[in-house]
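# Architecture at a glance
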Amino acid sequence: MVSFRCIICNDSSLPTEVIDHIKGDPIGTLTAVRCSSCGHIQLDPPEYSLDFYEENGQVNNVMRMYGTPMNVLVEHSWIEARRRVQRFANYDIQLVRGDRPLRVLDIGGGYGFFAAELMRAVPGIEVVVVEPSTARVALGKTYLAEAGPGTPVPEFLSEIVDEAFATRHARTFDIVTLWHVLEHLIDPVGLLRHAARLVRGDGVVCVEVPNVDDELQALSPSFRERSFMAEHISYFSSHTLETAARRAGAFGHVNVHGYQRYGIFNYFHWIHTNKPQGVNPDLFEGTDRWWLEATWRAARESARTSDALLMVARPPQGGLNP
Ligand SMILES: [Zn+2]
């Protein structure tokens with residue numbers, strides 16, 4: 001380790017090693033380390049390759065490593081998109097206003113499935129997808145066309161959300177979403193600051209990331225090993241995710257909730273066999289399969305030992321200065 005700097009708090013004192021082997025490590029020397037000041041876990045060194053995403057690298061890795069066919073990945077993406085739309089109601093996030101259509105920005109929105117589901121659920125809503133990978137945007141348009149007549153197609157911007165973007169679109173959105181984006185970035189605090197500038201004073205920023213405190217990490221060594229991957233620079237806990245938002249200095253209210261993505265069959269499979277469930281892991285869609293699933297999800301979410309975290313962050317009363 002030549003020098004270290006925490007991407008959340010900037011501390012450079014010696015971190016502690018968390019794991020010495022990273023899945024898909026392109027250079028063979030990556031480790032994951034914990035900042036001794038704020039406790040954030042990140043790759044060291046924090047590498048980021050825009051080319052990797054341009055070539056749709058993460059999707060290709062999932063297909064290669066788990067054998068999951070593209071049609072199953074697409075089907076799962078639609079399930080997750082529907083569930084994200086349905087979850088706004090749980091956090092009191094309004095999707096309609098009386099006076100004008102709501103405007104939503106989905107940062108790193110990939111194929112645009114979440115945007116399409118939101119447009120389907122709320123007629124008249126305006127949804128913009130900003131996605132730096134032109135390859136993913138092109139693929140997304142193909143999938144949306146294949147999803148059948150009447151599938152809404154959002155506006156795509158092939159851009160990066162930076163200072164200039166945040167200035168150009170300051171305070172023009174009611175909701176900004178980051179679904180599994182923040183963990184991929186070298187400067188997550190910077191992106192949260194931009195996101196806060198993009199929402200109106202009464203707006204909201206929603207951020208979902210994988211949870212490093214997922215209890216399955218302790219129950220399946222193989223699951224733990226596979227959760228550290230070259231694509232993910234950050235490994236957030238509810239505490240460090242909130243710290244990142246506080247460091248952005250732009251939010252008045254920050255709440256981090258547990259969220260369970262995968263179903264109980266997938267969980268049991270990892271514990272019982274210490275192996276992935278295979279080409280079609282259980283991503284149960286529905287309100288309940290039986291009492292066990294609902295009870296299990298609720299317990300893990302409230303303890304925040306679920307597989308994901310959802311942060312709901314709002315600007316201070318009266319909003320930020322533009
Ligand atoms: Zn730190």
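Provided above is the structure to which this section pertains.
This report concerns the structure included in the present document.

Definitions and limits used
- Residues numbered from 1 in each chain as written.
- Predicted model: local features only at pLDDT ≥ 70, side-chain atom pairs only at ≥ 80, totals over all residues.
- Helix = DSSP H or I, 4+ residues; strand = E, 2+ residues; numbered from the N terminus.
- Rg over C-alpha atoms; globule rule 2.2 N^0.38 Å.
- Buried ≥ 20, exposed ≤ 12 C-beta atoms within 10 Å, placed from the backbone.
- Pairing = 2+ DSSP bridges.
- Axes fitted to C-alpha atoms, helices over the stretch in contact; angles between N-to-C directions.
- Contact = placed C-beta atoms within 7 Å.
- Expected span 1.5 Å × (residues − 1).

Our next topic: the overall build of the protein chain. Scanning the protein chain for helices and strands turns up 12 helices and 11 strands. Its C-alpha radius of gyration of 19 Å places the protein chain within 12% of the 20 Å reference for a compact globule of 322 residues. Counting all 322 residues of the protein chain, 35% fall into the buried class.

For helix α10 (residues 238-248), the set of buried residues is Ser238, Thr240, Leu241, Thr243, Ala244, Ala245 and Ala248. Looking one or two residues past α10, glycine 249 carries a phi angle of roughly 70°, positive in sign.

In this section: the sheet that holds strand β10 (residues 253-259). Strand order in this open sheet of 7 strands is β6-β5-β4-β7-β8-β11-β10, and the pairing throughout is mixed. Of all the strands in the sheet, the pair left with one neighbour each is β6 (155-157) and β10. Within this sheet the neighbouring strands show an average axis-to-axis angle of 20°, counted without direction. Pairing analysis gives 6 bridges linking strand β8 (residues 199-210) to strand β11 (residues 308-314), with the strands arranged antiparallel. Bridge pairing in β11 places cysteine 206 opposite valine 312. The sheet contacts of helix α4 (residues 113-121) involve β4 (103-107), β5 (126-130) and β7 (173-179), and relative to β5 the element is tilted by about 180°.

Attention shifts here to unusual backbone geometry. Along the chain, aspartate 44 connects to proline 45 via a cis peptide bond; the corresponding omega equals -5°. Along the chain, the position of proline 45 falls in the loop between β3 (41-44) and α1 (50-54). In this structure, asparagine 10 takes a positive phi of about 70° despite not being glycine. Along the chain, asparagine 10 turns up in the segment before β1 (16-19). If you check the backbone angles, asparagine 274 has positive phi at about 55° while not being a glycine. The residue asparagine 274 is located in the loop between α11 (264-273) and α12 (291-303) in this model. Of the residues examined, asparagine 274 has 13 C-beta atoms within 10 Å and is grouped as partly exposed.

Moving on, we get to the sheet that holds strand β2 (residues 31-34). Reading across the sheet, the 4 strands line up as β1-β2-β3-β9 and stay open at both edges, with antiparallel pairing between neighbours. Both edges of this open sheet fall to β1 and β9 (234-235), since each of them pairs with a single strand only. Relative to β2, β1 is paired through 3 bridges, and the arrangement is antiparallel. Among the inter-strand pairings, threonine 16 is bridged to a residue of β2, identified as arginine 34.

It is worth spelling out α12 at this point. Its 13 residues give α12 an end-to-end C-alpha distance of 18 Å, which sits within 8% of 18 Å, the value for a rise of 1.5 Å per residue. Positioned one or two residues after α12, arginine 304 has a phi angle of 55°, which is positive.

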